[in-house]
Amino acid sequence: MKQIKYALVIFISLLVLNSCSNDDDVVSCPQTENATMKINGELMDFQIFGRGIDLDNDGSGHTLSLYLSRGVYSPQQDTYAITLKLPFKKTGTNIIEEFNYLRVQNASSSEGDFVQAELQSSVTVNKNTCFSVTFSGSATINGNEVVIMDGVINHTYNDPFD
């Protein structure tokens, strides 16, 4: 009888432990696909044209890179390119490590890193299947102030990362 009681206690304990999960803490992937921001007051849509995962320099984890672009290449080039880098699978406030901005217009280009200047961000989803962030900031690039407001990226990957 004693063995049945112990077996019953162990069985109930396992049942309770397995029924408790952190599913409530899991944020789902965004339902919409968009990459938009206001640059110096003008609302712009961007295309997400690439992504990557790299091993951190110290081997402690992985870095997610997202590549965005917008513009035309001919007859005269008028483009924007944004590169974001941050810890893979990490969420939170101001965790973006790089926010590189490149603007090419006609024959001149300007680029800078908003993280080195002033960038506020909130990464709410960062999974192997999708990503979601909001951001705003400003930077002085080639003597001109560039202000990004109301930035939003919601992206679901075509193929999940392994």
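Being a predicted model, the structure only gives us computed values, none of them experimental.

1. Things to note about the packing of aromatic side chains
Counted according to the given criterion, the structure contains eight aromatic pairs. When the centroid spacing of 5.1 Å and the interplanar angle of 55 degrees are considered together, the rings of Phe99 and Phe135 count as tilted. Of this pair, Phe99 sits in strand 7 (residues 98–105) while Phe135 sits in strand 10 (residues 130–141), placing them 36 residues apart in sequence. The two residues Phe99 and Phe135 agree in class, both being buried.

2. Section: the state of the cysteines
This structure, assessed with the given rule, holds one disulfide. Residue pairing for Cys29: its cysteine sulfur links by disulfide to Cys130, the two sulfurs lying 2.0 Å apart. The S-S bond linking Cys29 to Cys130 shows a torsion near -80 degrees; that makes this disulfide left-handed. Of the two residues, Cys29 sits in the loop between helix 1 (2–19) and strand 1 (34–39) while Cys130 sits in strand 10, which places them 101 residues apart along the sequence.

3. Quick notes on the sheet that holds strand 1
To summarise the sheet geometry, strands pair through backbone hydrogen bonds and adopt either a parallel or an antiparallel arrangement. Strand order in this open sheet of six strands is 2-1-11-10-9-6, and the pairing throughout is antiparallel. Among the strands making up the open sheet, the edge pair consists of strand 2 (42–45) and strand 6 (92–93). Relative to strand 10, strand 9 (residues 118–126) runs antiparallel, the two being bridged by eight bridges. Looking at strand 10, one finds that Glu118 is bridged to Ser138.

4. Side note on the confidence of the model for the protein chain
When pLDDT is averaged along the protein chain, the result is 85, and 84% of the positions lie at 70 or above. Within the protein chain, the element-level pLDDT minimum falls on helix 1, averaging 46, and the maximum on strand 2, averaging 98. Note that pLDDT drops below 50 for residues 5–25; the model gives that stretch zero contacts with residues more than four away or on any other chain.

5. Looking at the side chain of Thr63
Residue position: Thr63 is located in strand 4 (residues 62–72). The buried category is assigned to Thr63, whose relative accessible area is 11%. Within the local environment of Thr63, its side chain forms a polar contact with the side chain of Asp56, the two groups lying 2.5 Å apart.

6. So, the pairing of strand 8 (residues 108–113)
In terms of strand pairing, strand 7 meets strand 8 through six bridges, oriented antiparallel. Residue pairing in the sheet places Gln105 in a bridge with Ser108 of strand 8. Between strand 7 and strand 8, which pair antiparallel and follow one another directly, the connecting turn spans two residues, one of which, Asn106, has a positive phi of 55 degrees.

7. A short note on the environment of Gly71
Along the chain, the position of Gly71 falls in strand 4. On the basis of relative accessibility, which here comes to 44%, the residue Gly71 falls in the partly exposed class. Along the primary structure Gly71 and Arg103 are separated by 32 residues, whereas in three dimensions their C-alpha atoms are 9.7 Å apart. The residues contacting Gly71, other than those within four sequence positions of it, are Asp78 and Thr79.

Calculation notes
- Residues numbered from 1 in each chain as written.
- Predicted model: local features only at pLDDT ≥ 70, side-chain atom pairs only at ≥ 80, totals over all residues.
- Heavy atoms only, no water.
- Phe/Tyr/Trp six-rings, centres within 6.5 Å; stacked < 30°, edge-to-face > 60°.
- Helix = DSSP H or I, 4+ residues; strand = E, 2+ residues; numbered from the N terminus.
- Buried < 20%, exposed > 50% of the residue type's maximum accessible area, 1.4 Å probe, protein only.
- Disulfide = S-S within 2.5 Å.
- Pairing = 2+ DSSP bridges.
- pLDDT = per-residue confidence, 0-100.
- Contact = heavy atoms within 4.5 Å.
- Polar contact = N/O pair within 3.5 Å; in protein donor to acceptor, adjacent residues only side chain to side chain.

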